[in-house]
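If you want the building blocks of each chain, they are given just below.
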Amino acid sequence: MLSNKHFISLKDTPKEDIMKLIETGLSFREVLERPVKKVPTLSGKNILNLFFENSTRTKMSFELAEKRLSADVTNFSASSSSLNKGETFRDTVQNIQVMKIDCIVMRHPSPGSSLQLTNFVDSIIVNGGDGCHEHPTQAMLDVMSLYEKFETFKNLKVAIIGDILHSRVALSNIYALKTLGVEVTLCGPPHLIPIGIQDLGVDINYNVDEVLEWADAINVLRIQRERMGIGLIPSVREYREVFGITSKRIENLKKEIVIMHPGPINRGVELDGDVADSDNSIILNQVLNGVAMRMSILYHLLSEGDTIND
Ligand code: CP
């Protein structure tokens, strides 16, 4: 059991819950290495993936996680639904609710939408990313990947680099990392770092080379190309020069550094392709851990105390 019925935010998630989810996630990683990558734990449970926004990793890894836990899975895509005929969000989800859904995983462009959903339905709600607010399951797979790599959070230094202001990944990572006692520095264009964010216990450094010298691991965030049209950065070339994690910057470092990215990557913008593909990178391991961590989250929310192999 976790402290909350739903999994919507990491703001008040206790350290005990985070560590429990990581330990179970690591056990599920072992299940994923077996010839038969499936356990009967959530047999008879109905889970709906309610996606109002594009997704590759989150949608696929939730679906895989649900199927590997033997749950019954239904996928909803907003673009082919009756929302296009004018049906409201509330009517849509209440129609879904009466079909006896135990858990809804939702991605939605509006911040706060997952919390709002808890007012409309009785199902357990998992936030698969709500606008530029939070992406708690991504942050959980990120901290699991760090733990797998470093085997401790003690004295760990993590930098989050890029557009912090519009990133749901950044906020959830900050909440989780600070709860775990990790030192966190943010780096990016000053206008893309929220005013007052130091109140969450993070530092800010605008010099990416100094940040690389300081950090054990960096989590590089996507420059959101869809927002470039409204002038968030002067040019891709200039961004790469000042904040990009380039091959040259990594070659000049006199130490090992772990490279993370939640995806999708803009190769040659925030991260050079050969850095993303290098031995320093754990980006694809993050994706694999995403399946195991989402299995862990669903297991703890829905299993009612059964053991992993029951
Ligand atoms: N990291 C992440 O949320 O990727 P998707 O948008 O592809 O789900």
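Residues numbered from 1 in each chain as written. Predicted model: local features only at pLDDT ≥ 70, side-chain atom pairs only at ≥ 80, totals over all residues. Heavy atoms only, no water.

Considering the sheet that holds strand β6 (residues 183-187)
Move 1: On the basis of which strands lie adjacent, the open sheet formed by 5 strands has the order β7-β6-β5-β8-β9 and parallel pairing. The open sheet terminates on both sides in strands that have one partner only, identified here as β7 (203-204) and β9 (258-260).
Move 2: As paired elements, strand β5 (residues 157-161) and strand β8 (residues 217-220) share 4 bridges and run parallel to each other. The partner of isoleucine 161 across the bridge, within β8, is valine 220. (Pairing = 2+ DSSP bridges. Helix = DSSP H or I, 4+ residues; strand = E, 2+ residues; numbered from the N terminus.)

Looking at the site of the ligand
Move 1: Taken together, Ser55, Thr56, Arg57, Thr58, Arg107, His135, Gln138, Pro262 and Gly263 are the residues near the ligand.
Move 2: The separation between an oxygen atom of the ligand and a polar side-chain atom of serine 55 is 2.6 Å.
Move 3: One of the side-chain nitrogen or oxygen atoms of histidine 135 is found 2.8 Å away from an oxygen atom of the ligand.
Move 4: Expressed as a share of its isolated accessible area of 260 Å², the protein-covered part of the ligand is 91%.
Move 5: Mapping the shell around the ligand onto the domain boundaries places at least three of its residues in each of domain 1 (15-133 + 290-302) and domain 2 (136-286). (Near = heavy atom within 4 Å. Polar contact = N/O pair within 3.5 Å; in protein donor to acceptor, adjacent residues only side chain to side chain. Areas by Shrake-Rupley, 256 points an atom, 1.4 Å probe, with all protein chains shown as cover. Domains from an automatic or database assignment.)

Things to note about the side chain of aspartate 163
Move 1: With respect to the helices and strands, the residue aspartate 163 is situated in the loop between β5 and α6 (168-179).
Move 2: A polar side-chain atom of aspartate 163 sits 3.3 Å from the main-chain amide nitrogen of leucine 165.
Move 3: Within polar-contact distance, the side chain of aspartate 163 engages the side chain of histidine 166 at 2.9 Å.
Move 4: For aspartate 163, the residues in contact, after removing those within four places along its chain, are Leu192, Leu221, Arg222, Ile223, Gln224, Leu232 and Tyr239. (Contact = heavy atoms within 4.5 Å.)

Re the sheet that holds strand β2 (residues 72-77)
Move 1: Reading across from one edge, β2-β1-β3-β4 is the order of the 4 strands in this open sheet, with parallel pairing throughout. Lying at the two open borders of the sheet, with one neighbouring strand each, are β2 and β4 (124-130). Going from strand to strand, the sheet's axes swing by 15° on average, the running direction of each strand aside.
Move 2: Sheet topology places strand β1 (residues 46-51) next to β2; 6 bridges connect them, and they run parallel. Within β2, the residue paired with phenylalanine 51 across the bridge is serine 77.
Move 3: Along the sheet, helix α2 (residues 57-68) makes contact with β1, β2, β3 (103-108) and β4, crossing β1 at roughly 175°. (Axes fitted to C-alpha atoms, helices over the stretch in contact; angles between N-to-C directions.)

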